Amino acid sequence: MGVDLEHNHSEPYDVAIVGARPAGSTLAARLGQAGLRVLLVERVAFPSLPAVSAPFLLPHAMELVDELGVDEGSYTVDTPRLGGFVLEIGDYFRSVFPFDAGPSSRDYFYTIDRSLFDHTLWKNLERYPSVDAWENAKVVDLLRAEGERVTGIVVERGGETIEIHAAAVVGADGRFSTVARSVGAAVTEEREDLATTIYYDFWEDIDSYDESGQALAQIYSSCDGFSTVAMPTSGGETIVLVQGRADRFAELAGDPEGNYEALLRERPRVWRRLEGRRRRGRVSGMKRVGNLFRSSAGPGWALVGDAYHQKDSIDAQGIYDALLGAKVLAEELVRWRRDEVSWDVAMASYDRRIYAACKPMFESTMGRLKREIYSEPPPAVAKTMMRWMLSDPEYGHRFALLLTRQIEPASFLSPARVLKLSARGAFRRLRRYIAGSDPTDPHHLGAP
Ligand SMILES: Cc1cc2nc3c(=O)[nH]c(=O)nc-3n(C[C@H](O)[C@H](O)[C@H](O)COP(=O)(O)OP(=O)(O)OC[C@H]3O[C@@H](n4cnc5c(N)ncnc54)[C@H](O)[C@@H]3O)c2cc1C
């Protein structure tokens, strides 16, 4: 990676990339590996937290980072490995799942420090001499040839406005993508009806969830359009996130700070761990998290990561999709630059491949939002079928396979499987009831 004050800007780059977090930095690395001449432009300076992110990093995403030769230890300093989830459904039941995504996968995940993770990916670019990377540089416009093909970017950097020419421009610039706006990339699919709003803060010295002392992520669904997640992260802190139907959040009077704390206080199973603990006191979040796809490419431009596809964070797929999109797009850009295929053929292939990879999981995430946030299960169902099924170890295993994209999302819960897990769970519940002890009992930990 060069700082590139000497670069002759009249000599076009192969690819100019806007935005240098998971999508942009890893795309630059993969193109750099293939020897393409790349300019990566980022408006902030690293290390820097993204505006909003409370991120689980799951094993399938780590595998894509492994492919770049980035050591796991370099982006997980002082960050605990999480061994599983505990799912609590109202006062009905709780279920602890060890994270078991099969023998070919790590059996843990992290709530990473995004500032460190993004900075690590940025520093990794030093290995690639054909990649120039500019921070504190903002892309303000695109250059176009006659016929409207995009031919470069206009960058504001150090008080100067610079025109950079490139054979292709990639927008890896996130949800509010300047590139998408500038080329008029159409939103091709959107689910505004399932939008959620999310607020979170960092808390200190929260005890582990239970007496086992294991680091677990606690998901508590209050079955009223809201849920909370407590995610142990770096530096001994825990991110505690409140997520809810966007319309329910909009009805709350008061400011985000007050609403955040009130929602936590109203949930004793969550509050029992927070009471008397300190938090940073700076609630972050996002209203109406987007669920959409945009057109992926056009003449001289392409989009990747959140700029192309956004979805609710409930299934923690954003970083994986960004890393995967970068991998697929890099393969297609390399084929094009090597004259193996035309631009149109390369971008049609990118579009087909990335849509096929993301769409089924997107539908699954929308289904989960509908079931877990937008529906309120009748108590009779929550106490029986849901309890029996969600406390079965096979459910936990399949959930980990789903989140790591190892099974077709549509096959996650077939009617036959629902029946099997429920029947087995009912039998197990009966046995435990007779024995007088059931770890799925909600009062097991003494919370009210
Ligand atoms: C509340 C919340 C929780 C989430 N939780 C998870 C989770 O648990 N797990 C998970 O995998 N994902 C999660 N995500 C999603 C994840 O954060 C994103 O999917 C991921 O950051 C996308 O990466 P990206 O590189 O596409 O874009 P971004 O991370 O948004 O990076 C875009 C970059 O582009 C730069 N940029 C923008 N405009 C310009 C410009 N004009 N010029 C130069 N640079 C520019 C920005 O400064 C930024 O650095 C969550 C998201 C939210 C909102």
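It should be emphasised that the depicted structure is a prediction, and the values quoted were computed from it without experimental measurement.

### A short note on a nonpolar patch on the surface
Move 1: Taken together, Leu430, Tyr433 and Ile434 make up a surface patch of nonpolar side chains, about 380 Å² in accessible area.
Move 2: Residue placement: Tyr433 occurs in helix H12 (residues 415–435).

### A word on empty space enclosed by the protein
Rolled over the atoms, a probe with the dimensions of a water molecule shows which regions are left empty.
Move 1: For the structure shown, the criterion picks out three cavities of 30 Å³ or more.
Move 2: Its boundaries defined by the atoms lining it, the largest cavity holds a volume of some 50 Å³.
Move 3: Taken together, Phe85, Leu87, Phe97, Ile219, Arg368, Glu372, Tyr395 and Phe399 make up the lining of the largest cavity.
Move 4: Elements with a contribution of two residues or more to the lining of the largest cavity: strand E4 (84–89), helix H9 (343–372) and helix H11 (393–403).
Move 5: Of the residues that constitute the lining of the largest cavity, the class distribution is six nonpolar, no polar and two charged.

### Notes on the site of the ligand
Move 1: Inspection of the region around the ligand gives 31 residues, with Arg21, Glu42, Phe56, Asp306 and Ile319 positioned closest.
Move 2: Between a nitrogen atom of the ligand and a main-chain N or O atom of Arg43, the distance comes to 3.2 Å.
Move 3: Between the ligand and Ala316 there is a distance of 3.5 Å, counted from an oxygen atom to a backbone nitrogen or oxygen.
Move 4: Protein contact buries 94% of the 1,000 Å² of open area that the ligand shows by itself.
Move 5: For the shell around the ligand, the secondary structure elements donating two or more residues are helix H1 (22–33), strand E8 (137–144) and helix H8 (318–337).
Move 6: Residue composition of the shell around the ligand, grouped by class: 16 nonpolar, eight polar and seven charged.

### Concerning the environment of Leu413
Move 1: Structurally, the position occupied by Leu413 is in the loop between H11 and H12.
Move 2: A relative accessible area of 26% means that Leu413 is categorised as partly exposed.
Move 3: Sequence separation of Leu413 and Arg398 is 15 residues, and the distance between their C-alpha atoms is 8.7 Å.
Move 4: Excluding its chain neighbours within four sequence positions, the residues that come into contact with Leu413 are Met389, Tyr395 and Val418.

### A word on the packing of aromatic side chains
Two aromatic rings, taken as a pair, are described by how far apart their centres are and by the angle between their planes.
Move 1: Per the stated rule, a full pass over the model turns up 23 aromatic pairs.
Move 2: Aromatic pair Phe99 and Phe109: ring centres 5.1 Å apart, planes at 55 degrees, arrangement tilted. One end of the pair, Phe99, is in the loop between strand E5 (93–98) and strand E6 (110–111); the other, Phe109, is in the loop between E5 and E6, and ten residues separate them in sequence.
Move 3: By relative accessible area, Phe99 is classed as buried at 4%.
Move 4: Note on Phe109: relative accessible area 0%, which makes it buried.
Move 5: Taking the centre distance of 5.8 Å and the plane angle of 70 degrees together, the rings of Phe293 and Tyr308 count as edge-to-face.

### As for the sheet that holds strand E14 (residues 226–232)
Move 1: With respect to topology, seven strands assemble into an open sheet ordered E5-E4-E13-E14-E15-E12-E16, the strand pairing being mixed. At either end of the open sheet lies a strand with only one pairing partner, and these are E5 and strand E16 (284–286). Across this sheet, the average inter-strand angle for adjacent strands is 15 degrees, counted without regard to direction.
Move 2: Bridge count for strand E12 (residues 196–204) against E16 is three bridges, and the pairing is antiparallel. Across the sheet, residue Tyr200 finds its bridge partner in E16, namely Ser284.
Move 3: Running at roughly 80 degrees to E12, helix H6 (residues 256–265) makes contact with E12, E14 and strand E15 (237–245) of the sheet.
Move 4: This element, helix H10 (residues 379–390), spans E4 and E5 of the sheet and lies at about 10 degrees to E5.

### Quick notes on the pattern of salt bridges
Move 1: All chains considered together, the criterion is met by 37 salt bridges.
Move 2: Put simply, Asp315 and Arg368 hold a salt bridge, and the shortest N to O gap is 2.5 Å. Remark: Arg368 occurs in helix H9 and Asp315 occurs in the loop between strand E20 (309–310) and H8; sequence separation between them is 53 residues.
Move 3: For Arg424, the salt bridge is made with Asp392, and the minimal N-O distance between the two is 2.8 Å. With Arg424 in helix H12 and Asp392 in the loop between H10 and H11, this pair connects stretches of sequence that are 32 residues apart.

### Focus: the confidence of the model for the protein chain
Move 1: Taken as a whole, the protein chain shows an average pLDDT of 93; of its residues, 96% reach a score of 70 or greater.
Move 2: Per-residue pLDDT stays below 50 along residues 2–8; that stretch engages in 13 contacts with residues further than four places along the chain or on separate chains.
Move 3: Of the two predicted TM-score estimates for the complex, the pTM is 0.95 and the ipTM is 0.99.

### Overview of H11
Residues lying three or four places apart along an α-helix face the same way, a consequence of the helix completing one turn every 3.6 residues.
Move 1: In terms of burial, H11 is largely enclosed, as nine of its eleven residues are buried.
Move 2: Along H11, the positions that sit buried rather than exposed are Glu394, Tyr395, Gly396, Arg398, Phe399, Ala400, Leu401, Leu402 and Leu403.
Move 3: Where H11 is buried, its residues meet helix H2 (59–66), E4, E5, H9, H10 and H12.
Move 4: The N-capping residue of H11, defined by a side-chain oxygen 2.8 Å from the backbone nitrogen of Glu394, is Asp392.
Move 5: Directly after H11, the chain includes Arg405, whose backbone phi takes a positive value near 60 degrees.

Scoring rules and cut-offs
- Residue indices begin from 1 for each chain and proceed along its sequence in written order.
- Totals for whole chains, interfaces and linings use all residues, but because this is a predicted model, local features are given only for residues with pLDDT of at least 70 and pairs of side-chain atoms are given and counted only at 80 or more.
- Water and hydrogen atoms were dropped before computing side-chain values, which therefore reflect all heavy atoms in the structure.
- Residues form patches when they are more than 30% accessible in relative terms and have no salt bridge. Like charges link within 9 Å. Nonpolar side chains (Val, Leu, Ile, Met, Phe, Trp, Tyr) link within 5 Å.
- Per-residue accessibility takes into account occlusion by the displayed protein chains alone, with areas from the Shrake-Rupley method and a 1.4 Å probe.
- Throughout this description, the term salt bridge denotes a Lys or Arg side-chain nitrogen within 4 Å of a carboxyl oxygen of Asp or Glu.
- To qualify as a helix, a DSSP run of H or I must reach at least 4 residues; to qualify as a strand, a run of E must reach at least 2; elements of each kind are numbered from the N terminus.
- Points on a 1 Å grid, built from protein atoms alone, make a cavity when a 1.4 Å probe fits but cannot get out and make a pocket when they are open with protein on both sides within 12 Å along at least 5 of 7 lines; residues with an atom within 4 Å of a point are the lining residues.
- Grid points are joined across faces, edges and corners, and a volume is the space filled by probe spheres set on the points.
- Charged residues are taken to be Asp, Glu, Lys and Arg, nonpolar residues to be Ala, Val, Leu, Ile, Met, Phe, Trp, Tyr, Cys and Pro, and polar residues to be all remaining types, Gly included.
- It suffices for a single heavy atom of a residue to lie within 4 Å of a molecule or strand for the residue to be listed as near it.
- Throughout this description, a polar contact denotes any pair of N or O atoms lying within 3.5 Å of each other; where both atoms belong to protein, one of them has to be capable of donating a hydrogen while the other can accept it, and for residues adjacent in sequence the pair is counted only when both atoms sit in side chains.
- Burial classification: accessible surface area is computed with a 1.4 Å probe over protein chains only, and a residue below 20% of its type maximum counts as buried, one above 50% as exposed, and the rest as partly exposed.
- Whether two residues are in contact is decided by their heavy atoms: any pair within 4.5 Å suffices.
- Side-chain rings of Phe, Tyr and Trp (the six-membered ring for Trp) are treated as a pair once their centres are within 6.5 Å; stacked means planes under 30 degrees apart, edge-to-face means over 60, and tilted covers the remaining angles.
- Strand pairing follows a simple DSSP-based rule, namely that at least 2 bridges must link the two strands.
- A fitted line through C-alpha atoms serves as each axis, taken over the contacting stretch for helices, and the angle formed by two N-to-C directions is quoted from 0 to 180°.
- What pLDDT expresses is the predictor's confidence in each residue, scored from 0 to 100.

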